Amino acid sequence: MSVRIAPSLLSCRFAELGREVRAVDEAGAEWIHVDVMDGRFVPNITVGPLVAGAVRGVTERTVDVHLMIEDPDRYIGDFAGAGADVITVHAEATVHLHRTLGLIRGLGRRAGVALNPATPLAAAEAVLGDIDLLLIMSVNPGFGGQTFIPGALERVARARALVEAHRPGRVEVEVDGGVSAKTAPALVQAGATVLVAGSAVFGHSGGPGAGVEAIRTAIAGVSWRGGAV
């Protein structure tokens, strides 16, 4: 698997949403990350299916929807209908995780499981056969611009080892929180294949496109220490 950059729209200028998405698309970002928060599972409220649909309307890149919401089953169909390619739910937010993942895959979408910083990796082990992506949170979810938790680097390495032991080369390891040109190389070495970056992209002094390019330059020639994935 190659490394994909997924700019998080949580940090973009929503008044210029279409322009911001096009900027990172043209800069070569492979995925567009849409953070959905309900004010209950996390202490913030963001966007819904209408915004995901608007994003779908201006890009052919992979639309990566991250549901930080309680009872995600209620809205999976709406986000699938809005054009999400990948839908990720939190293991902590759903009671019947197998059923939820089955719902996502039954709608023809790729399914992901996200784990908060304090959640053991074992929470995802039983569903590795049902996922296409394992998302490791490197900050506590809810707000953009947070500082990367150093211990997350080891978690990414352990997550990569876990998925390679069960489904080699078939599960993306995504990292969300504090990703920048500074932290990205070590994350790729640890085994990350999708890098979610918000403020490092949309807050870059040169604009979103320059933010994507900075991360791409930082990881050029860097690979997983465990070998090719």
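Structure shown above.
Not measured: the values here are computed from a predicted model.

K.L.:
Account for the sheet that holds strand β4 (residues 86-90), with residues named and values stated.
P.N.:
Within a sheet, neighbouring strands are paired by backbone hydrogen bonds and run either parallel or antiparallel to one another. Pairing within the open sheet is parallel, and its 8 strands lie in the order β1-β8-β7-β6-β5-β4-β3-β2. On the outer flanks of this sheet lie β1 (4-7) and β2 (31-37), each paired with one strand and no other. Pairwise comparison of adjacent strand axes, ignoring direction, gives a mean angle of 25° for this sheet. On top of the sheet, helix α3 (residues 73-81) reaches β2, β3 (62-68) and β4; it is set at about 160° to β4, its chief contact.

K.L.:
Give me the lowdown on helix α1 (residues 17-26), citing residues and values where you can.
P.N.:
Turning to α1, its buried residues number three or more, namely L17, E20, V21, V24 and D25. Within α1, the buried residues cover an arc of 135° as seen down the axis, which keeps them to one side. Opposite the buried face of α1, by more than 90 degrees, sit the exposed residues R19 and E26. For α1, the elements touching its buried residues are β1, β2, α2 (49-56), α8 (199-202) and α9 (208-219). At the C-terminal side of α1, G28 shows a positive phi close to 100°.

K.L.:
Give a description of unusual backbone geometry that names residues and reports values.
P.N.:
Phi is positive for D71, which is not a glycine, with a value near 45°. Along the chain, D71 turns up in the loop between β3 and α3. Residue class for D71 comes out partly exposed when judged on its relative accessible area of 39%.

K.L.:
So, the pairing of strand β7 (residues 172-176): which residues are in play, and what are the values?
P.N.:
Burial analysis of β7 places 5 of its 5 residues in the buried class, the great majority of the element. Side chains E172, E174 and D176 project from β7 onto one buried face, and the interleaved V173 and V175 project onto a second face that is buried too. Sheet analysis places strand β6 (residues 133-137) next to β7, joined by 5 bridges and oriented parallel. Note on β7: the bridge partner recorded for L133 is E172. The pairing of β7 with strand β8 (residues 194-197) spans 3 bridges and is classified as parallel. Each residue of the ladder has a partner; that of D176, found in β8, is V196. The handedness of the β7 to β8 crossover, carried by helix α7 (residues 184-190), is right-handed.

Procedures and definitions
- Residues numbered from 1 in each chain as written.
- Predicted model: local features only at pLDDT ≥ 70, side-chain atom pairs only at ≥ 80, totals over all residues.
- Heavy atoms only, no water.
- Pairing = 2+ DSSP bridges.
- Helix = DSSP H or I, 4+ residues; strand = E, 2+ residues; numbered from the N terminus.
- Axes fitted to C-alpha atoms, helices over the stretch in contact; angles between N-to-C directions.
- Contact = heavy atoms within 4.5 Å.
- Buried < 20%, exposed > 50% of the residue type's maximum accessible area, 1.4 Å probe, protein only.
- Arc of directions from axis to C-beta.
- Right-handed = clockwise from strand over helix to strand, strands pointing away.

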